[in-house]
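An overview of the molecular structure
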Amino acid sequence: MKKNPRFQLFLIIALAILALFVNIPIEGIFPFTKNLSFKRGLDIAGGTSLTYKADMKDVAENQKDKALDGARVVIERRINLFGVSEPIVQTAVGNNDYRIIVELPGVDIDQAKKIIGTTAQLSFWEGGASKSAQTASTSAYPLGIPEVLGNFPKKTALSGKDLKETSVTFDPNTGKPQVQLNFTDSGTKKFAEITKRNVNKIVAIVLDNVVIEAPKVNQPILTGDAVITGGFDSESANALSTALNAGALPLPLIPLQQHEVSPTLGTASLQKSLFAGILGIVIIIIFMIVLYGKLGIAASIALILYTLLVLSIFKLSSLTPYAITLTLSGIAGFILSIGMAVDANILIFERMKEEQRQGKSKETALSLGFLRAWTSIRDSNVATLITSFVLYSFGNGMVKGFAVVLAIGVLASMFSAIIVTRTLLRVIYK
C-alpha cells in the first residue's frame, strides 16, 4: 500500500464521489439518497412544545420535587428510545404548581403526544369479574376495567415500576407478536402472590386505565415472566415494548398546552451563519495556497473532501435511531473542526520545510514530516476528543449536539490531514 499511492488515490476518489452523491442526489444513481436530509434542531427548523401539569395529589410533600424530576428523566428516556435527538425537557415549579415543558425538534403535535404519552402506566388488577367479563373475547379488548372485573375491581401493588425489561416475541402456536414481561426480584414476588390468590380467576393487565388483556390464571406463576398477547401486529407490539422499557412515570401528567414552535434563529440568521462558514472555508483555502503553494493545493483538496465526508455522515445518520441533529451550536462545532484540520496540515508542512532545509529530498522530507508531526496531531486531537466526551456526558441537549459534531469533525479531520493529504503529495512528488 505504501509503495502504491495511486491505489490509495483511487479509493479516495471513490469516497469523494460517494460523498458527493449523498450530498447532491442525482436521479437514477443511488436512489436511496433522495430520502436523505439533515435533521435540524429547534433553533433551525422549529418543532412542537407540550406543557404538562404533574398531578401531586397522591405524592408526599417532601417527595414532590423528586417525583417531578423522576418524571422528567422518564420522558427524556422515552424520547431517546423513539430516536428524537436533542429534545429540551425542563421542569417549572411555582405556587405549588408543578409542570414539565417538552420541546421536540422537527416533530408535529400528534407525533409528540404519541412519543411522550400522558401517563403510559402499566398496572395489574384483580377482583370479582362478572360472567360476561369472564367470557369476553380477547378480540374485544381494549375494555374498561369494570367491564372485565365487575363493579369492585382492586388494583394490586404490581405496576410498571416493577418491570425489569420487556421484549417482543412470537407465539409459537399462532406466530403472532406478543410482549414478554420480565419483572424485577420484588416484582417477581408480587406477581407470584397475585397469581397464587387468583387461581382460576382473571387478572387484568391495564395500560393507562384500559384493559389490554385479561388472562385467566390456571396456576401460580413463580418465575416472574408474563406475556401480553392482545392481538398485536409487529408495529404495535414494538411500540408497547418501547414505552414500557422507557419506564413508568412516577405520577400522572395532565396536558395543559400544546403548540408549534417556530425556529428561534429565523431563516435570515441561519443564512448568515452558513455564509460565514462558507466564507471561512474559502479564506482558509486561499491562505493555504498562497502560503504553501502545491502543498496548500493538496491541503485544500483534502479540506473539501473532509467537508463532503462530514456532511455525508450527518445525512446518513438520519437512517439510524441516532440521527445527528444540526443546531447552531452543532454548526459551530463543525466549523471549529475545519480549523483543526488545517492546523494538522500546517504542522506537517512546517516539519517538512525543516527537513528540506537540512538538505533532505522532497520524498524523505514528506515521510519524516508526517512521522514527526503525527505525535503532536494525535495528542491535540485526543485532548479534544476527551473534552467532547466530557461535554456529551454532562451537558444538556444542545451541548451534547456540539460535542458529537465536534468529535466527528476531529476524527474526519485526522483522516483528511493524514491519509488524504499524504496520498495527494505522494502522487504529486512521484
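Attention here is on the structure that accompanies the text. (Residues numbered from 1 in each chain as written. Predicted model: local features only at pLDDT ≥ 70, side-chain atom pairs only at ≥ 80, totals over all residues. Heavy atoms only, no water.)

Read across the sheet, four strands follow the order 6-5-9-10 without closing on themselves; strand pairing throughout is antiparallel. A single partner strand is all that each edge strand has here, and the edge strands are strand 6 (153-159) and strand 10 (210-213). Within the sheet, the average angular offset between the axes of one strand and its neighbour, ignoring direction, is 45 degrees. Across three bridges, the pairing between strand 9 (residues 204-207) and strand 10 is antiparallel. Considered in strand 10, the bridge of Val206 is made with Val211. With respect to the sheet, helix 7 (residues 185-197) is in contact with strand 5 (122-127) and strand 6, its orientation differing from that of strand 6 by roughly 150 degrees. (Pairing = 2+ DSSP bridges. Helix = DSSP H or I, 4+ residues; strand = E, 2+ residues; numbered from the N terminus. Axes fitted to C-alpha atoms, helices over the stretch in contact; angles between N-to-C directions. Contact = heavy atoms within 4.5 Å.)

The next point concerns the side chain of Asn182. Looking at where Asn182 falls in the secondary structure, it is placed in strand 8 (residues 177-183). Under the relative-accessibility criterion, Asn182 is labelled buried at 18%. With near-sequence residues (within four places) excluded, Asn182 lies in contact with Leu163, Lys164, Glu165, Gly224 and Asp225. (Buried < 20%, exposed > 50% of the residue type's maximum accessible area, 1.4 Å probe, protein only.)

Here helix 11 (residues 328-357) contains 30 residues, and its C-alpha end-to-end distance of 44 Å stays within 8% of the 44 Å for a straight helix at 1.5 Å per residue. The positive-phi residue at the C-terminal boundary of helix 11 is Gly359, with phi of around 90 degrees. (Expected span 1.5 Å × (residues − 1).)

Summed over the entire model, instances satisfying the criterion amount to four aromatic pairs. On the numbers, 5.1 Å between centres and 35 degrees between planes, the contact of Phe183 with Phe191 is tilted. Phe191 shares its class with Phe183; the two are buried. Members of the aromatic cluster, joined through ring pairs, are Phe124, Phe183 and Phe191. (Phe/Tyr/Trp six-rings, centres within 6.5 Å; stacked < 30°, edge-to-face > 60°.)

Time to look at the pattern of salt bridges. Opposite charge on two side chains permits them to pair, given that their charged atoms come into close proximity. Enumeration according to the criterion identifies nine salt bridges in this entry. Among the salt bridges present, the one from Arg72 reaches Asp69, with a minimum N-O distance of 2.7 Å. With a gap of three residues between them, Arg72 and Asp69 both fall in helix 3 (residues 64-81), about one helical turn apart. As a salt-bridge pair, Arg351 and Glu354 come within 3.7 Å of each other at their nearest N and O atoms. Of this pair, Arg351 and Glu354 both sit in helix 11, three residues apart, which is roughly one turn of that helix. For Arg351, a relative accessible area of 27% gives the class partly exposed. You can call Glu354 partly exposed: its relative accessible area is 33%. (Salt bridge = Lys/Arg side-chain N within 4 Å of Asp/Glu carboxyl O.)

Another aspect to go through is the sheet that holds strand 8. Note on sheets: strands pair through backbone hydrogen bonds, and any given pair is parallel or antiparallel. Read across the open sheet, the three strands follow the order 7-8-11; overall the sheet is antiparallel. Only two strands of the sheet have a single partner each, and these edge strands are strand 7 (163-170) and strand 11 (225-228). Strand-to-strand twist in this sheet, taken as the mean axis angle between neighbours without regard to direction, amounts to 25 degrees. As defined by bridge partners, strand 7 adjoins strand 8 across seven bridges and the pair is classed as antiparallel.

Let's shift gears to the nonpolar core. Judged by nonpolar contacts, the single largest core of 38 residues is most densely connected at Leu303, Ile348, Phe349, Met352 and Leu425. The set of elements that each furnish at least two residues to this core consists of helix 1 (5-23), helix 9 (266-292), helix 10 (294-316), helix 11, helix 12 (362-394) and helix 13 (397-429). Considering every element that reaches this core, the biggest residue donor is helix 10, with 10 residues. Residue contacts for Met352: discarding those within four places in its chain leaves Leu295, Ala365, Leu366, Gly369, Phe370, Leu425 and Tyr429. One finds Ile75, Ile100, Val102 and Leu251 within the second-largest nonpolar core, a separate group that totals 19 residues. (Core = buried A, V, L, I, M, F, W, Y, C linked by side-chain atoms within 4.5 Å.)

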